[in-house]
Amino acid sequence: MPVTGGGICQAGASSSASPTEGKHANMNSQPDNDHQQQSGNGCNHQVPNQNHRPQSVDRPEMQALPMPVPEPTIQHTKLFINNEWQESCSGRKIPVYNPATGELLCDVEEADAEDVDKAVRSARAAFQMGSPWRSMDASDRGHLLNKLADLVERDRLLLATLEALDSGKVFLMAYFVDLMATIKTLRYYGGWADKVHGKTIPVDGEYFTYTRHEPIGVCGQIIPWNFPLMMFAWKIAPALCCGNTVIIKPAEQTPLSALHMAALIKEVGFPPGVVNVVPGYGQTAGCAISHHMDIDKIAFTGSTAVGKLIQKAAGDSNLKRVTLELGGKNPNIVFADCDLEYAVEQAHSGLFFNQGQCCLAGSRVFVEEPIYEEFVRRSVERATSKILGNPLLPGVDHGPQIDQKQFDKIMELIESGKREGATLECGGSAWGQQGLFIQPTVFSNVTDDMRIAKEEIFGPVQQIMCFRSVHEVIQRANGTHYGLAAGVFTNDIDKALTVSSALQAGMVWVNCYNAMSAQCPFGGFKMSGNGRELGEYALQEYTEVKAVTIKISQKNS
């Protein structure tokens, strides 16, 4: 996702972190220095000097890059229900780890079905007719969302630090990409709140007919670990904009930013029960949300396999409305007439962004035959330039994978690529003696029948494939169960229009990749999900249309 908006922040900007209670996260650990350089088929990576600080500059308009909050206090570890911090009914807790070091950051209360019930009762009470939330002017709902964005801006350094700690996300990427997107999403839907309305309809007969776009009701929302804070905003902002109430379950690996957001929601002044945050495991809390008879809508971002279970649960329970944003095996098509240097860089960032842990990752790179070998050479050169290490340190641009399960899955798929005959150009191995790091990996001579060309890897593994014609590459690009995103690089506008129209994907980027914005709808075709997030289209996912017809004595057209 491109860095837009330009924010360079003075180092050491203030945050609202309180040192009064909670556990402290270690900011200074890094992979063992004796293993700073490890060769794995040509990939060498060096840990930056831990004492490095941004260089001073003479120009007054330039300021230091932002730095993480040193050893932040993790204040919020309880469930957030009805604007109160509560212990779980079972007393169980979830351990939260730093994937860069393996260090235990804290223990968070674990929600299960009984806690979900409490949250649903709270959300249902907040949605009752005559409640403060239902009686509130739509413009005031928008004002609350904008105030929430203000507090996110105030706590931007702390939130980016929390994201880096429990997800392994590179701090500067969290600060400039995830936090910027979160703020913009909240402000975008804050502006929509008093613009959701129906129509009058000229029906036949002596009638006056109009439509109302009403909130659906209580919404269950389940978000993933790869973009915890941004997904939190993507889910709650359109739901609250339209007047719904929410029970949101962050991933068990990454609950810290969601719980801090809960504190900000209370500080802003959202009425009790409007937003409830229940960290928990998918098999318990997620299952309870999916099957709950008093939840009216569910929105889920995650794997296709779990998406199927959620859709089935909705059918087995109360036919709740379902929005699913699922996996992808996204084609990125590079024609010989493109700007080669630019296409290599875009394909690189389109895959390795967030350590490849992105549903949008352009993991199937199709390159036209005349430039194939040069594209592979430059891609390897770019991949081997990545700096692995503690994502909180300046200079590092590649962090760890999220957990051991994901690490093992990626390594197994890398081994399958070797076994099935793909050429390992670089990487392919673990890195460092602590943490869950995998070297940026590039395969060439990949064929469509290989596992690495068919399965979503969700890791730093780029597959580069060769094609010879427009017709061939369209057929191959569409030859997947997924249909989330795609990229096309060409200087021929006719070719760009032809290919983008033919691709079966919810988003197609031409001469760019990951060009996301709050205004543009996001969602997939086929097994990449249903429904849309972001933009005006997301409002349809959080409203029901009611037609009202009134008998009148005489029509006046």
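Quick caveat: nothing in here was measured; it's all calculated off a predicted structure. (Residues numbered from 1 in each chain as written. Predicted model: local features only at pLDDT ≥ 70, side-chain atom pairs only at ≥ 80, totals over all residues. Heavy atoms only, no water.)

Engineer: How do you make sense of the overall build of the protein chain when you look at a structure like this?
Structural biologist: Scanning the protein chain from N- to C-terminus turns up 16 helices and 26 strands. Residues classed as buried in the protein chain amount to 57% of the 557 residues present. By sequence separation, contacts in the protein chain at least 24 residues apart represent 76% of the contacts at least 6 residues apart. In the form shown here, the protein chain has an accessible surface area of approximately 22200 Å², with 50% of it arising from carbon and sulfur atoms. (Helix = DSSP H or I, 4+ residues; strand = E, 2+ residues; numbered from the N terminus. Buried < 20%, exposed > 50% of the residue type's maximum accessible area, 1.4 Å probe, protein only. Contact = heavy atoms within 4.5 Å. Areas by Shrake-Rupley, 256 points an atom, 1.4 Å probe, with all protein chains shown as cover.)

Engineer: Is there a simple way to think about the confidence of the model for the protein chain in this case?
Structural biologist: The predicted structure's coordinates, where accompanied by low pLDDT, should not be read in detail. Averaged over the protein chain, the pLDDT score is 90; the fraction of residues at 70 or greater is 89%. Below pLDDT 50 for its whole length, residues 1–60 participates in 149 contacts with residues either more than four positions away or in separate chains. (pLDDT = per-residue confidence, 0-100.)

Engineer: How do you make sense of the packing of helix 5 (residues 171–192) against helix 6 (residues 228–241) when you look at a structure like this?
Structural biologist: The contact between helix 5 and helix 6 brings their axes to 9 Å, and the two run at 5 degrees. As the angle between them shows, helix 5 and helix 6 are arranged roughly parallel. When helix 5 is examined against helix 6, the residues Asp178, Leu179, Ala181, Thr182, Thr185, Leu186, Tyr189 and Trp192 are found in contact with a partner set consisting of Leu229, Met230, Ala233, Trp234, Ala237, Pro238 and Cys241. A breakdown of the residues in the contact of helix 5 with helix 6 according to their chemical character gives twelve nonpolar, two polar and one charged. (Axes fitted to C-alpha atoms, helices over the stretch in contact; angles between N-to-C directions. Parallel < 35°, antiparallel > 145°, perpendicular 65-115°, else oblique. Nonpolar A, V, L, I, M, F, W, Y, C, P; charged D, E, K, R; others polar.)

Engineer: Is there a simple way to think about the layout of surface pockets in this case?
Structural biologist: Within this model, the largest pocket holds a volume of roughly 1200 Å³. Every residue lining the largest pocket is counted, 47 residues in all, and those nearest its centre are Trp225, Phe300, Gly302, Ser303 and Val306. At the level of elements, helix 6, helix 8 (282–291), strand 12 (297–301), helix 9 (304–316) and helix 12 (404–419) are the ones that each hand at least two residues to the lining of the largest pocket. Its residues assigned to classes, the lining of the largest pocket shows 24 nonpolar, 13 polar and ten charged. (1 Å grid on protein atoms, 1.4 Å probe; cavity = no way out; pocket = protein on both sides within 12 Å on 5 of 7 lines; lining within 4 Å. Points joined across faces, edges and corners; volume = space filled by probe spheres on them.)

Engineer: Explain the sheet that holds strand 26 (residues 543–551) here, please?
Structural biologist: Within a sheet, neighbouring strands are paired by backbone hydrogen bonds and run either parallel or antiparallel to one another. If you walk across this open sheet you meet the three strands as 7-8-26, and the pairing is antiparallel. The two strands at the open ends of the sheet, each matched to only one other strand, are strand 7 (200–201) and strand 26. Note that strand 8 (residues 207–215) and strand 26 share nine bridges and pair antiparallel. Within strand 26, the residue paired with tyrosine 207 across the bridge is lysine 551. (Pairing = 2+ DSSP bridges.)

Engineer: Which parts of the structure should I look at to understand the sheet that holds strand 16 (residues 423–426)?
Structural biologist: The strand order 16-19-20-15-14-22-23 describes an open sheet built from seven strands, whose pairing is mixed. The sheet is open, and its two borders are formed by strand 16 and strand 23 (507–510), each paired with just one other strand. Direction aside, neighbouring strands of the sheet carry axes that sit 20 degrees apart on average. Sheet analysis places strand 14 (residues 331–334) next to strand 15 (residues 364–368), joined by four bridges and oriented parallel. Across the sheet, residue asparagine 332 finds its bridge partner in strand 15, namely valine 365. Helix 12 rests against strand 16, strand 19 (441–444) and strand 20 (461–467) of the sheet, and its axis sits at about 25 degrees to strand 19.

Engineer: Explain the packing of aromatic side chains to me, please; I cannot follow it from the model alone.
Structural biologist: Aromatic ring pairs are described here by two measures, namely the spacing of the ring centres and the angle between the planes. Under the definition given, this model contains 13 aromatic pairs. Consider the rings of tryptophan 225 and phenylalanine 458, whose centres lie 5.5 Å apart with planes at 90 degrees: the pair is edge-to-face. Taken together, the residues tryptophan 225 in the loop between strand 9 (218–222) and helix 6 and phenylalanine 458 in the loop between helix 13 (451–454) and strand 20 connect sequence positions 233 residues apart. Neither tryptophan 225 nor phenylalanine 458 differs from the other in exposure class; each is buried. Put simply, the rings of Phe171, Tyr175 and Phe176 touch in pairs and so form one group of aromatic residues. Above the face of the phenylalanine 127 ring, arginine 134 is positioned so that its terminal group lies 4.0 Å from the ring centre. (Phe/Tyr/Trp six-rings, centres within 6.5 Å; stacked < 30°, edge-to-face > 60°. Lys NZ or Arg CZ within 6 Å of the ring centre and 35° of its normal.)

Engineer: Would you explain the environment of alanine 485 in this entry?
Structural biologist: For alanine 485, the position within the fold is in strand 22 (residues 485–489). In this structure alanine 485 comes out as buried when scored by relative accessible area, which is 1%. Residue contacts for alanine 485: discarding those within four places in its chain leaves Asn330, Pro331, Leu360, Ala505, Met507, Trp509 and Tyr513.

Engineer: Could you clarify how one ought to interpret the pairing of strand 8 in this entry?
Structural biologist: Consecutive residues of a regular strand have side chains that alternate between opposite faces of the sheet. The pairing of strand 7 with strand 8 spans two bridges and is antiparallel. The residue of strand 8 that forms the bridge with threonine 200 is tyrosine 210. The turn linking strand 7 back onto strand 8 is made up of five residues, and glycine 205 within it adopts a positive phi angle of 95 degrees.

Engineer: What is the right way to look at the pattern of salt bridges in this model?
Structural biologist: Any two side chains of opposite charge can pair, so long as their charged atoms come close to each other. Enumeration over the complete set of coordinates arrives at 29 salt bridges. One salt bridge connects arginine 154 with aspartate 155, and the closest N-O pair in it is separated by 2.9 Å. A network of salt bridges, in which partner residues are shared, links Glu374, Arg377, Arg378 and Glu381. (Salt bridge = Lys/Arg side-chain N within 4 Å of Asp/Glu carboxyl O.)

Engineer: What exactly am I supposed to notice about the side chain of lysine 495 here?
Structural biologist: Following the sequence through the fold, lysine 495 ends up in helix 15 (residues 493–502). Owing to a relative accessible area of 18%, lysine 495 belongs among the buried residues under this scheme. With sequence-adjacent residues up to four places away left out, lysine 495 is seen in contact with Phe335, Asp337, Val470 and Thr490.

Engineer: Help me out: how do you make sense of helix 3 (residues 138–154) in this one?
Structural biologist: Side chains of residues three or four places apart in an α-helix project in the same direction, reflecting 3.6 residues per turn. Over its 17 residues, helix 3 extends 25 Å from the first C-alpha to the last, a length consistent with the 24 Å expected when each residue adds 1.5 Å. Within helix 3 the residues assigned to the buried category are Arg141, Gly142, Leu144, Leu145, Leu148, Ala149, Leu151 and Val152. Here the buried face of helix 3 lies against helix 2 (132–135), helix 4 (156–167), helix 5, helix 6 and helix 7 (256–268). (Expected span 1.5 Å × (residues − 1).)

Engineer: Would you mind going over the nonpolar core with me for this structure?
Structural biologist: Buried together is how nonpolar side chains tend to be arranged in soluble globular proteins. Residues Tyr189, Phe270 and Leu360 are the most contacted members of the largest nonpolar core, which totals 86 residues. Core analysis: the second largest hydrophobic core is formed by 29 residues, Ile333, Phe366, Met450 and Ala453 among them. (Core = buried A, V, L, I, M, F, W, Y, C linked by side-chain atoms within 4.5 Å.)

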